[in-house]
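# Chains, contacts and geometry: an overview
Okay, here's what each chain looks like letter by letter:
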Amino acid sequence: MVRIGVIGCGGIGVEHIKRITNTLSGGVVVAVNDINQEHAEQVIKDLGLQAKFYADGHELVHADDVDAVLVTCWGPAHKEYVLDAVNAGKYCFCEKPLATTAEDCLEIVEAEMKQGKHLVQVGFMRRFDAGYVALKKAIDAGEIGAPLMLHAAHRNPVVDDRYTTDMAINDTMIHEIDVLHWLLDDEYVSAQVVYPRKTKYASDHLADPQIVMVETKKGVRIDVEIFVNCKYGYDIKCEVVGEDGVAYLPEPATVQVRKDAALKRPILMDWKDRFIEAYDVELQAFLDNINNGTPLNGPTSWDGYAAALTADVCVKAQQKPGEILPIQLKECPEFYK
Ligand code: NAD
Ligand code: ISE
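Residues numbered from 1 in each chain as written. Chains lettered and ligands numbered in written order. Predicted model: local features only at pLDDT ≥ 70, side-chain atom pairs only at ≥ 80, totals over all residues. Heavy atoms only, no water.

### Digging into helix 7 (residues 167–184)
Here helix 7 spans 25 Å end to end across 18 residues, near enough to the 26 Å set by a 1.5 Å rise per residue. The sharpest bend along helix 7 measures roughly 65 degrees and falls at Met173. Across the 18 residues of helix 7, 15 count as buried, placing the element largely inside the fold. Residue Asp185 follows helix 7 closely and has a positive phi angle near 50 degrees. (Helix = DSSP H or I, 4+ residues; strand = E, 2+ residues; numbered from the N terminus. Expected span 1.5 Å × (residues − 1). Bend = angle between axes of the 7 residues up to and from the residue. Buried < 20%, exposed > 50% of the residue type's maximum accessible area, 1.4 Å probe, protein only.)

Take a look at the structure:
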């Protein structure tokens, strides 16, 4: 049984605590930290957890009865806790982003290599989504021949006023940044951003929608539409065009109804529902690997670095619309291959 300490019990922290407690096997939440003590204590009470509240997240990391740390606080605080856990030789599941800069991610990479063991899994859950896994299997099996182009869209129905233009990359498209190179078994080499006509629903300080175009080492051209005030639903699209055919990310299984001279299918509104199974599978894999003593098999610290560096370039490209900027990753160490 993996005894888990959770740092940050906001939206996704609570979702993960609930799944560890009610849905998954092999893990138990024994410790909780949040800068909002009152809220954290309420979460412990509401969910009936046998967990201790720690006012200091670092004390939680070092607690003797904590085997693994779940970092689900806001992004800028991820690095200090992940680094602390790794230096203490503890397993750590960190929600995206691993850290907010590529340099900070590299610090984690170096600390992990020093431990000589994979300790970190990053919460890029799409790699565990049945649809993406099936799509990758089809591509790897050569069903569509060599991939040439990829068209993707990441649409949220609405965002609040705190959402800024760079968040379209750092908070939203970061999922495509991670999953698409994994899907194609490729690396990014350049990025470019263009802005279509702005929707009237976006706040003054937000450019929405945006189109990010990236090119890979093998020459695949990828375009990702990010549209976070699309109104109608939470919609994730991915179409891979190959030499011999085209493969699509499956739509979520919702019921189709023929009625009143119309064909209807609901579209989900919330990311929590769209990827609910993927979140379960990624965390179950984390727990199983620790319990079985097998290596972690999810996105690594290196994947966190690659995503952060690519996101940095995309954010720079946002500031120079139309300009193509190079993406230059460091050489991947043997440890992560
Ligand atoms: P949130 O704002 O709902 O919750 C964040 C919580 O962290 C709050 O309770 C806050 O009080 C706490 N916190 C902030 N700074 C802290 C610190 N220094 N120490 C301890 N606690 C601190 O945010 P959220 O939506 O739950 O997002 C949390 C993280 O999860 C973000 O990094 C976000 O990008 C990521 N996330 C991932 C997905 C996904 O699909 N994988 C979805 C949503 C959020
Ligand atoms: C959120 O933080 C997530 O990670 C969701 O998966 C993503 O779809 C959404 O756009 C982000 O705001």
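### Comments concerning the side chain of Arg274
For Arg274, the location among the structural elements is in helix 8 (residues 271–274). The contacts of Arg274, once residues within four sequence positions are left out, are Asp129, Tyr234, Ile236, Leu249, Pro250, Pro252 and Leu268. (Contact = heavy atoms within 4.5 Å.)

### Examining the site of ligand 1
By nearness alone, 25 residues border ligand 1, and Gly11, Ile12, Asp34, Lys96 and Tyr279 come closest of all. Here Gly11 contributes a backbone N or O atom positioned 2.8 Å from an oxygen atom of ligand 1. In isolation ligand 1 offers 840 Å² of accessible surface; the protein chains occlude 78% of this area. Elements that contribute at least two residues to the shell around ligand 1 include exactly helix 1 (11–23), helix 4 (78–87) and helix 7. When the residues that make up the shell around ligand 1 are grouped by side-chain class, the tally is twelve nonpolar, nine polar and four charged. (Near = heavy atom within 4 Å. Polar contact = N/O pair within 3.5 Å; in protein donor to acceptor, adjacent residues only side chain to side chain. Areas by Shrake-Rupley, 256 points an atom, 1.4 Å probe, with all protein chains shown as cover. Nonpolar A, V, L, I, M, F, W, Y, C, P; charged D, E, K, R; others polar.)

### As for unusual backbone geometry
When glycine is set aside, most residues are seen to have a negative phi, and most peptide bonds are trans. Here the bond from Lys96 into Pro97 is cis, since omega is -5 degrees, no more than 30 degrees from zero. Structurally, Pro97 can be placed in the loop between strand 5 (91–94) and helix 5 (102–115). That bond from Asp208 to Pro209 is cis: its omega, 0 degrees, falls within 30 degrees of zero. Among the secondary structure elements, Pro209 is positioned in the loop between strand 8 (188–194) and strand 9 (210–216).

### Looking at the environment of Gly89
Structurally, Gly89 can be placed in the loop between helix 4 and strand 5. In this structure Gly89 comes out as partly exposed when scored by relative accessible area, which is 37%. Spatially, the C-alpha atom of Gly89 lies 7.5 Å from that of Leu119, the residues being 30 residues apart in sequence. Other than its neighbours up to four places away in sequence, Gly89 contacts Gln115 and Leu119.

### Some remarks on the packing of aromatic side chains
The geometry of two aromatic rings is summed up by the distance between their centres and the angle between their planes. For the coordinates displayed, the defined rule picks out five aromatic pairs. Taken together, a centroid distance of 6.2 Å and an interplanar angle of 25 degrees make the contact between Trp302 and Tyr336 stacked. Here Trp302 is found in helix 10 (residues 301–318), whereas its partner Tyr336 is found in the segment after strand 15 (325–326), with 34 residues between them in sequence. Judged by relative accessible area, which is 8%, Trp302 ranks as buried. Note on Tyr336: relative accessible area 11%, which makes it buried. An aromatic cluster is built from Trp302, Tyr305, Phe335 and Tyr336, whose rings are joined through pairwise contacts. For Lys231, the ring lying beneath its charged end belongs to Tyr201, and the centroid distance is 4.1 Å. (Phe/Tyr/Trp six-rings, centres within 6.5 Å; stacked < 30°, edge-to-face > 60°. Lys NZ or Arg CZ within 6 Å of the ring centre and 35° of its normal.)

### Description of the layout of surface pockets
Each pocket or cavity is described by its volume, and for the largest pocket that value is around 1500 Å³. Forming the boundary of the largest pocket are 48 residues, of which Trp74, Gly75, Lys96, Met167 and Asp171 lie nearest the centre. Sorting the residues of the lining of the largest pocket by element identifies helix 1, helix 4, helix 7, helix 8 and helix 10 as the ones contributing at least two each. Among the elements that make up the lining of the largest pocket, the one with the highest residue count is helix 7 (six residues). Class assignment of the residues belonging to the lining of the largest pocket gives a composition of 23 nonpolar, 16 polar and nine charged. By volume, the second largest pocket is sized at about 730 Å³. In terms of lining, the second largest pocket is formed by 31 residues, of which the most central are His181, Glu187, Trp302, Asp303 and Cys332. Those elements giving two or more residues to the lining of the second largest pocket turn out to be helix 7, strand 8 and helix 10. (1 Å grid on protein atoms, 1.4 Å probe; cavity = no way out; pocket = protein on both sides within 12 Å on 5 of 7 lines; lining within 4 Å. Points joined across faces, edges and corners; volume = space filled by probe spheres on them.)

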